[in-house]
Amino acid sequence: MEPGPPGSSRPTEPGPCLSSQQGADQAASASLQSAAGAQPGRHSLAVAAVLPAGGCGERMGVPTPKQFCPILERPLISYTLQALERVYWIKDIVVAVTGENMEVMKSIIQKYQHKRISLVEAGVTRHRSIFNGLKALAEDQLNCKLSKPEIVIVHDAVRPFVEEDTLLKVVTAAKKHGAAGAIRPLVSTVISPSADGCLDHSLERARHRASEMPQAFLFDVIYEAYQQCSDYDLEFGTECLQLALKYCCTKAKLVEGSPDLWKVTYKRDLYAVESIIKEKISQEICVVTDIEEDNKYVSHLLEEVLKSELNHVKVTSEALCHAGRDLQQIILDQCYNFVCVNVMTSDFQETQKLLSMLEESNLSILYPVVVVSVHFLDFKLVPPSQKMESLMLIREFAKEVKKRNIWLCGLLISYPQAEIQPWGWAICDSVCEDSDLDGRVTE
Ligand SMILES: Nc1ccn([C@@H]2O[C@H](COP(=O)(O)OP(=O)(O)OP(=O)(O)O)[C@@H](O)[C@H]2O)c(=O)n1
Ligand SMILES: O=C(CO)[C@H](O)[C@H](O)COP(=O)(O)O
């Protein structure tokens, strides 16, 4: 695992999994608005999530439990947590981990600054781990900071690509039907073998579906189901929706999910996750500026232009404020493309500040980070040659940071007075020479 940024501790290496694992902060006032299809603000719903993360990953065949396997130097579970915590209306996220991996999990939470997470001890089976998470949310727990939600989402820690709209769909359906879960069409036909290893019967593929995650439940329904169910269910069951049906007569609504919801199970799935993350990396740009009003205006314009010009690219903007905390989070979330707006005349302080943050973060260890340093010139006030000269310094700087896998490019935008002209000069040391940047938008 990569060394942490200054001030953060290095996560302990996850321990290997024993076949019988005995097991042994809180949100703002999150609310789900219009969960039942009503107008925003009319309904508010307390929603929490339980993430079973106490498995061994036997099928993956590596000593590290798959939820802790590094993808681009970051543990898989951290991507899943990130996907859930981006959803502001999920108030609490309860993660079930084995006692031996508790410290690993704590250091991941600290290092990647995950929020709203509570940890509970995992059980020996997935159902038991989920049950432990539900118990922590139930109101009768002593010394528990968590409060009982109306709806609980259950999501596997090893399904990192869950989107907010899918979560909203299952939660909305659970509010109405008591239970809901994501499904996908079957890829292969399901057959049933007989005891002698021959075909007994096969199911009609078009009439069946694969049950995926996330699932959501009225808390009282699923908690009741887990309290009622047998040891056999807890030991061998694999389907939470079935427990709700069997013990609470609650028929789950099935919601079509996206193909990215699959469960990371085999080693090859890690490569697939990495490819998807890399694709996402190439699809995000952050426009960075200092907090001055002028800069904010310029970056807002830039953000709008980028959004309209670059379809499918997520454009965000962030201020280089003194503490730099929000930007720090964007870096931790693995944004690899930055456009930094500078208003200082000769030096490029804003870019330098950003570059130091990037260097400290170690983000560029595996993949290059691209920074476009933007400078403005009112050519009626300053002769372009003068400005160009001072900006040539950026070449030297670019050479320096290239050694640390940061690709710096200078862009001078010339405009008369208040009007910004659609032309400029690019001063690049590195970006244009090579093009091995996963198709990232840098030109
Ligand atoms: N005792 C267990 C077993 C599994 N899980 C979690 O349940 C999810 C889905 O289970 P699965 O894919 O079967 O995970 P593993 O049991 O780790 O994998 P394998 O079956 O290959 O051993 C995973 O996030 C896993 O960590 C859990 O919390 N507690
Ligand atoms: O498939 C599922 C839905 O029903 C669950 O997500 C779960 O992953 C099944 O767990 P396991 O692989 O341990 O049987």
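Quick caveat, the model's predicted, so the values are computed rather than measured.

What counts and what doesn't
Residues numbered from 1 in each chain as written. Chains lettered and ligands numbered in written order. Predicted model: local features only at pLDDT ≥ 70, side-chain atom pairs only at ≥ 80, totals over all residues. Heavy atoms only, no water. pLDDT = per-residue confidence, 0-100. Contact = heavy atoms within 4.5 Å. Near = heavy atom within 4 Å. Areas by Shrake-Rupley, 256 points an atom, 1.4 Å probe, with all protein chains shown as cover. Helix = DSSP H or I, 4+ residues; strand = E, 2+ residues; numbered from the N terminus. Buried < 20%, exposed > 50% of the residue type's maximum accessible area, 1.4 Å probe, protein only. Pairing = 2+ DSSP bridges. Axes fitted to C-alpha atoms, helices over the stretch in contact; angles between N-to-C directions. Polar contact = N/O pair within 3.5 Å; in protein donor to acceptor, adjacent residues only side chain to side chain. Nonpolar A, V, L, I, M, F, W, Y, C, P; charged D, E, K, R; others polar. Salt bridge = Lys/Arg side-chain N within 4 Å of Asp/Glu carboxyl O.

### Section: the confidence of the model for the chain
Residues with a pLDDT of 70 or more make up 79% of the chain, whose mean pLDDT is 83. Across residues 1–11, where pLDDT falls below 50, the model places 29 contacts with residues more than four positions away in sequence or in other chains. When the criterion is pLDDT under 50, residues 33–43 qualifies, and its contacts beyond four places in sequence or with other chains add up to 14 contacts. Predicted as a complex, the structure gets a pTM of 0.80 and an ipTM equal to 0.94.

### Remarks on the site of ligand 1
In the vicinity of ligand 1 lie 20 residues, with Gly54, Gly57, Glu58, Lys66 and Ser129 positioned nearest. Within the complex, the protein chains bury 89% of what would otherwise be the 560 Å² of accessible surface of ligand 1.

### Observations regarding the environment of glycine 123
By the secondary structure assignment, glycine 123 is in the loop between β7 (117–121) and α3 (126–137). Judged by its relative accessible area of 9%, glycine 123 falls in the buried class. Taking the C-alpha atoms as reference, glycine 123 lies 9.8 Å from alanine 53; in sequence the two are 70 residues apart.

### Focus: the sheet that holds strand β6 (residues 90–97)
If you walk across this open sheet you meet the seven strands as β7-β6-β3-β8-β12-β9-β13, and the pairing is mixed. Each having just a single partner strand, β7 and β13 (253–256) make up the two edges of the open sheet. In this sheet, neighbouring strand axes are inclined to one another by 25° on average, regardless of whether the strands run parallel or antiparallel. Where β6 lies against β7, five bridges are found, and the strand directions are parallel. Counterpart to valine 94 in the pairing with β7 is serine 118. Contacting β6 and β7, helix α2 (residues 102–111) crosses the sheet at an angle of about 175° to β7. Its contacts with the sheet place α3 against β3 (47–52), β6, β7, β8 (151–154) and β12 (209–218), and it is angled at close to 150° to β3.

### Some details on the environment of serine 107
With respect to the helices and strands, serine 107 occurs in helix α2. Of note is the side chain of serine 107, whose polar atom sits 2.9 Å from the backbone oxygen of valine 104.

### Focus on the site of ligand 2
Around ligand 2, the structure places Arg59, Arg126, Asp156, Arg159, Ser211, Met213, Thr238, Glu239 and Lys263. Aspartate 156 is positioned such that a nitrogen or oxygen atom in its side chain is 2.7 Å from an oxygen atom of ligand 2. Between ligand 2 and the protein, one listed contact pairs an oxygen atom with a backbone N or O atom of threonine 238 at 3.3 Å. Considering only residue class, the shell around ligand 2 consists of one nonpolar, two polar and six charged.

### Examining the pattern of salt bridges
Per the stated rule, a full pass over the model turns up 19 salt bridges. Ionic pairing is found between lysine 278 and glutamate 274, a salt bridge with its closest N-O pair at 3.9 Å. Taken together, the positions of lysine 278 and glutamate 274, both in helix α8 (residues 267–281) and four residues apart, correspond to about one turn of that helix. Look at the salt bridges and you will find they share partners, linking Arg126, Asp156, Arg159 and Glu212 into a network.

### Overview of unusual backbone geometry
Following methionine 213, the chain continues to proline 214 via a peptide bond in cis, the omega torsion being 10°. Here proline 214 shows up in strand β12. Look at glutamate 73: it is not a glycine, yet its phi comes out positive at around 70°. Here glutamate 73 shows up in the loop between β4 (70–71) and β5 (74–75).

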